[in-house]
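Residue strings, one per chain:
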Amino acid sequence: METHQGVCRVPANQRLSENDYGPLEQHEACLIVQLYGSQSSAQFLFQDGVNYFGLASEGVIGYAPQKGFLGTTNIVFANPVCAPSTLNSLLSAFLASQTEPTLFVGVDQTVAEALSSVGYRSNQVGVESHIEIDTFNVVGQHKKQLRHASNFAKRHRCRVDELSWQALDTKQVIRLSEEWRSNKGVSRRELKLLTKPPVFEDEPLVRKFYCFEGHKLLGFVYFEPYFESGKIKGYCANIIRSLVDAEYAGVSDYIILEAIKQFRLEGVKVLSLGLSPLYNIQPENNDNPRVRWMLRLMYQRANALYAFKGLAYHKTRYRPVQTPWYLCSKDLSTPRLFSALFFGLGVL
């Protein structure tokens, strides 16, 4: 992907004020993400129910107003997308523009530290896992399950293809997705915000890989891009779905491993496995102990609702680099915080 050289930029020596910022259209936000969207979840901004605030070419914050029993709460579910030098001014302008409390979730340490300077408390909410594609392999005792998955095609005579929507039996794709979801704790709706719901059509820059045994679809993985200096830096394995059949265990890993081969040929640097919610939560200096206790309790006791432990374990098999992400709140009671979070993410 080429850098957007023609975008008008504010000169570096011109300080921005809160009055420079305002609502943006999605197409304006898209250009900014392709310039500065270095977080693996940057593309998650583009889903239903999201508003955009910022300054064209300079920065954007995506947020979803969530109505709940205790009032409306704005949920910012990814890092503000901007140059590092404009982060504080963008955050300040956004917070000044809002009349409802704002909950930040799924942001990194840099954003958490910026928010702490204006009175927010930051709790770890899980870890993001990523691998360096150039050095990744399946050698070693700890990766024996991945080695087994890498031989999936020998056992099933299958193939992995990157295909456009027009080249697929679309009913088969949607049927597999619905069958997969029916076996999950949250079975009646797609989760959102901290993940991007699947889009069953072609999407610019999103890579979609499918595994077939003959004409039978066994699984698929959708990879969302993220960026560095206006070019694609890596992909995030966002949507991962397969037949709910023990006979085909390992097909999702096989698709990911085949995609890694293709990305390596293209010179892609990084593959993100996404967020493991609630995994390995550690205390922070300015966190909220009640929120930390509740998040840890959910990880231990709420796996019928969402497979927190299984998801985290699966990602550790890749021996990834893991980085904590944060939930940042201010002036929100614990009940209102969790009400907004659960309804906003689609868990309830």
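Heads up: the structure comes first, above all this text.
Here the structure is a predicted model, which means the values were calculated and not measured.

What counts and how
Residue numbers here run from 1 along each chain, matching the order of that chain's written sequence. Restriction of local features to residues with pLDDT of at least 70 applies here, the model being predicted, together with a cutoff of 80 or more for giving and counting side-chain atom pairs; totals for whole chains, interfaces and linings are based on all residues. Side-chain figures throughout are based on the complete set of non-hydrogen atoms in the structure, without hydrogens or water. Pairing of aromatic rings covers Phe, Tyr and Trp, the last counted by its six-membered ring, and requires centre-to-centre distances within 6.5 Å; plane angles under 30 degrees mean stacked, over 60 mean edge-to-face, and any other angle means tilted. Secondary structure elements are taken from DSSP: a helix is a run of H or I of four residues or more, a strand is a run of E of two residues or more, and numbering for both begins at the N terminus. Only protein chains enter the area calculation, which uses a 1.4 Å probe; residues under 20% of their type maximum are buried, those over 50% are exposed, and those in between are partly exposed. Think of it as a cone above the ring: NZ of Lys or CZ of Arg counts as a charge over the ring if it is within 6 Å of the ring centre and within 35 degrees of the ring normal. Remark: nonpolar core denotes a set of buried residues (Ala, Val, Leu, Ile, Met, Phe, Trp, Tyr, Cys) joined through side-chain atoms within 4.5 Å. A contact between two residues is defined here by any heavy atoms of the two lying within 4.5 Å. What counts as a salt bridge is simple: a side-chain nitrogen of Lys or Arg found within 4 Å of a carboxyl oxygen of Asp or Glu. At least two bridges found by DSSP between two strands is the condition for calling them paired. Regarding the arc, it is the one traced by the directions from the helix axis to the C-beta atoms. Each axis is a line fitted through C-alpha atoms, taken for helices only over the stretch in contact, and angles between the N-to-C directions span 0 to 180 degrees. For classification purposes, an angle smaller than 35 degrees is called roughly parallel, one larger than 145 roughly antiparallel, one from 65 to 115 roughly perpendicular, and anything else oblique. Amino acids outside the nonpolar list (Ala, Val, Leu, Ile, Met, Phe, Trp, Tyr, Cys, Pro) and the charged list (Asp, Glu, Lys, Arg) are all regarded as polar, and Gly is one of them.

Time to look at the packing of aromatic side chains. A complete count under the given rule lists 20 aromatic pairs for this structure. Measuring from ring centre to ring centre gives 5.8 Å for F209 and F263, while their planes differ by 90°; the resulting arrangement is edge-to-face. Taken as a pair, F209 in strand β9 (residues 207-213) and F263 in helix α7 (residues 251-266) lie far apart in primary sequence, 54 residues in all. With a relative accessible area of 0%, F263 lands in the buried category. A cation over a ring is seen here: K208 above Y222, with NZ or CZ 4.5 Å from the ring centre.

All right, on to the nonpolar core then. Formed by 48 residues in total, the largest nonpolar core has its most connected members in L45, Y52, V60, F77, L278, L327 and F338. If sequence neighbours within four positions are ignored, F338 has contacts with V291, M294, L295 and M298. Judged by nonpolar contacts, the second largest core, of 39 residues, contains F152, V173, C211 and Y248.

For the structure on display, the rule yields 13 salt bridges. R336 is the partner of E100 in a salt bridge, and the nearest nitrogen-oxygen pair spans 4.0 Å. Of this pair, E100 sits in the loop between α2 (87-97) and β6 (102-107) while R336 is found in helix α10 (residues 334-345), placing the two residues 236 residues apart along the sequence. Overall, the relative accessible area of 17% leaves R336 in the buried class. Across the pair K196 and E224 runs a salt bridge, and its minimum N-O distance is 3.1 Å.

In terms of burial, strand β7 (residues 121-132) is largely enclosed, as ten of its twelve residues are buried. Note: β7 against strand β13 (residues 321-329), nine bridges, orientation antiparallel. Its bridge partner lying in β13, R121 is registered against S329.

Turning to helix α9 (residues 308-316), its buried residues are F308, A312, K315 and T316. Angularly, the buried residues of α9 cover 105° about the axis, an arc narrow enough to put them on a single face.

Negative phi characterises most residues that are not glycine, and trans characterises most peptide bonds. One non-glycine residue with positive phi stands out, namely R319, at about 50°. Structurally, R319 can be placed in the loop between α9 and β13. Backbone geometry places D331, a non-glycine residue, at a positive phi of 60°. Within the secondary structure, D331 sits in the loop between β13 and α10.

Next up on the list: the packing of helix α8 (residues 289-301) against α9. Interhelical geometry of α8 versus α9 gives an angle of 85° and a closest axis separation of 7 Å. Taken together, the axes of α8 and α9 are roughly perpendicular relative to one another. Across from M298, Y299 and Q300 in α8, the residues of α9 making contact are F308, K309 and A312. Tallied by class, residues from the contact of α8 with α9 come to four nonpolar, one polar and one charged.

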